[in-house]
Amino acid sequence: MQISYRMSANKFNLSATGNISYNDNKIVDLKNNGVRSWENDYSFRQEGYPVNSFGGYQVLGIFQTEEEVANSAVVNRTQAAPGDLKYKDVNDDGKIDGEDRVYLGSWTPKTTFGLNLAADWKGFDASLFFSGALNVKGYLRTETIGELGGNTSKPTTLFRDSWHATENPDGQFPRALSTWMYNYSGTPSSFWIINSSYLRLKNIQLGYTLPKKWTQFVGIARARAYYSGQNLFTFSAFNGGFDPEAPVAARAYYPQVKIHTLGLSVTF
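Residues numbered from 1 in each chain as written. Predicted model: local features only at pLDDT ≥ 70, side-chain atom pairs only at ≥ 80, totals over all residues. Heavy atoms only, no water.

Draft legend 1. Examining the overall build of the protein chain more closely. For the protein chain, the count of helices and strands is two helices and 15 strands. On C-alpha atoms alone, the protein chain measures out to a radius of gyration of 26 Å, which is more than a quarter above the 18 Å that the 2.2 N^0.38 rule sets for 268 residues. Considering only C-alpha atoms, the protein chain reaches an extent of 85 × 50 × 30 Å along its principal axes. Looking at the protein chain as a whole, 34% of its 268 residues are labelled buried. Counting only contacts in the protein chain whose residues sit at least 6 apart along the sequence, the fraction spanning at least 24 positions is 63%. Accessible surface computed for the protein chain: about 15,500 Å², of which carbon and sulfur atoms make up 54%. (Helix = DSSP H or I, 4+ residues; strand = E, 2+ residues; numbered from the N terminus. Rg over C-alpha atoms; globule rule 2.2 N^0.38 Å. Buried < 20%, exposed > 50% of the residue type's maximum accessible area, 1.4 Å probe, protein only. Contact = heavy atoms within 4.5 Å. Areas by Shrake-Rupley, 256 points an atom, 1.4 Å probe, with all protein chains shown as cover.)

Put into structure tokens, the structure is as follows:
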């Protein structure tokens, strides 16, 4: 759906155009008797679920004590310890394995939207373009570990707030132990597959066109000075440092950068 509005009064002109789209898809028949088909470690296809469905474990929190670990289903008794992610035993069989993986959302947005605003008055002009998406998930993959996993080309500060029994028991992230893969994003879970809805100011442009009596005096038909800014603001719950617009399997790609431009457009 698209809605536009225009008005003019006392040499002031304003226009606004907004658009919004809604996408709802569901797999109807895979000709496989309803069996869940895993495409890779984080996504699956199954009748009744959307295309591009995330799958993984449900995280209930972070283990705080040895007693809590002992009384919970875990992946590996010899390695599980306080500071690890606590997964939900979905089928209640006393262990955590592939059968406990559930639907965790889709990386196809349910809703996308945009808004264009433009105004001018006595030579001054301004335009803004916003875009965004709602009800969409993003996956922080192994780039979140970065240097912790030996990859010095992808440094990360996330694990500065990792769990520690005495120094940081309220840490947001599990204990920093890269040899125990079930804490990290290499094992998809609701801890790493998170809300990536966003609103972004994609572009803003501010300009001023010099009066014709000034420009014609020096033989110029038109002259306009302007400022342009791209990707100046992004509002999202997605973790800082990662772009909510990035492709799902390439969260480590170089993020979209902020660009500031000053210009002068002259027509003879």
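There is more to say, and it comes next.
Draft legend 2. Representation of the nonpolar core in the model. Membership of the largest hydrophobic core comes to 26 residues, with the highest contact counts inside it found for Phe54, Leu85, Tyr139 and Trp192. For this core, the secondary-structure elements that each account for two or more residues are β6 (59-62), β7 (85-87), β8 (102-106) and β12 (193-195). (Core = buried A, V, L, I, M, F, W, Y, C linked by side-chain atoms within 4.5 Å.)

Draft legend 3. Looking closely at the sheet that holds β8. Ordered in space as β3-β4-β5-β8, the four strands form an open sheet in which the pairing is antiparallel. The open sheet is flanked by β3 (37-38) and β8, the only strands paired with a single partner. Judged from the two bridges that link them, β3 and strand β4 (residues 43-45) form a sheet pairing that is antiparallel. Looking across to β4, one finds that Trp38 is bridged to Phe44. (Pairing = 2+ DSSP bridges.)

Draft legend 4. Main features of the side chain of Ser189. You can see Ser189 is positioned in the loop between β11 (137-139) and β12. For Ser189, the residues in contact, after removing those within four places along its chain, are Gly56, Tyr57, Val59, Leu85, Tyr87 and Leu104.

Draft legend 5. Layout of the environment of Gly146. On the secondary structure map, Gly146 appears in the loop between β11 and β12. Its relative accessible area of 3% is what places Gly146 among the buried residues. In this structure, the C-alpha to C-alpha distance between Gly146 and Leu158, residues 12 residues apart in sequence, is 9.4 Å.

Draft legend 6. How the structure looks around the environment of Val74. Along the chain, the position of Val74 falls in the loop between α1 (66-70) and β7. As a C-alpha pair, Val74 and Leu85 span 11 residues in sequence and 9.4 Å in three-dimensional space. Those residues in contact with Val74 that sit more than four places away from it in its chain are Phe63, Val69, Ala80, Lys95 and Ile96.

Draft legend 7. Representation of the sheet that holds strand β15 (residues 259-267). Reading across from one edge, β1-β2-β9-β10-β13-β14-β15 is the order of the seven strands in this open sheet, with antiparallel pairing throughout. Each edge of the sheet is formed by a strand with only one pairing partner; in this case those strands are β1 (2-9) and β15. Each strand axis lies, on average, 10° off the axis of its neighbour in the sheet, ignoring direction. Summarising the sheet, strand β14 (residues 222-236) and β15 pair through nine bridges and their orientation is antiparallel. Bridged to Ala225 within β15 is Leu264. (Axes fitted to C-alpha atoms, helices over the stretch in contact; angles between N-to-C directions.)

Draft legend 8. View of unusual backbone geometry. Even without a glycine there, the phi angle at Asn10 is positive, about 50°. Structurally, Asn10 can be placed in the loop between β1 and β2 (12-22). According to the relative accessible area criterion, Asn10 is exposed, its value standing at 72%. Positioned with a positive phi, Lys122 is a non-glycine residue whose angle comes to about 50°.

Draft legend 9. Structural view of the packing of aromatic side chains. Evaluated as defined, the whole model comprises 17 aromatic pairs. Taken together, the ring pairs connect Phe159, Phe173, Tyr184, Phe191 and Trp192 into an aromatic cluster. One cation-aromatic arrangement involves Arg36 over Phe44; the distance from NZ or CZ to the ring centre is 4.1 Å. Just above the ring of Tyr49 sits the side chain of Arg36; from NZ or CZ to the centre is 5.4 Å. (Phe/Tyr/Trp six-rings, centres within 6.5 Å; stacked < 30°, edge-to-face > 60°. Lys NZ or Arg CZ within 6 Å of the ring centre and 35° of its normal.)

Draft legend 10. Structural context of the pattern of salt bridges. For the structure on display, the rule yields 10 salt bridges. Lys31 is the salt-bridge partner of Asp29, the closest N and O atoms lying 3.0 Å from each other. Overall, Lys31 belongs to the exposed group, its relative accessible area being 73%. Counted as one network, the salt bridges with shared partners bring together Arg200, Lys202, Asp243 and Glu245. (Salt bridge = Lys/Arg side-chain N within 4 Å of Asp/Glu carboxyl O.)

Draft legend 11. Focus on the pairing of β2. Here β1 pairs with β2 via eight bridges, running antiparallel. Bridge assignment links Arg6 to a residue of β2, and that residue is Ser15. Between the end of β1 and the start of β2, which pair antiparallel, lie two residues, with Asn10 showing a positive phi angle near 50°. Judged from the 11 bridges that link them, β2 and strand β9 (residues 111-121) form a sheet pairing that is antiparallel. Note that in β9 the partner of Ser15 across the bridge is Ala118.

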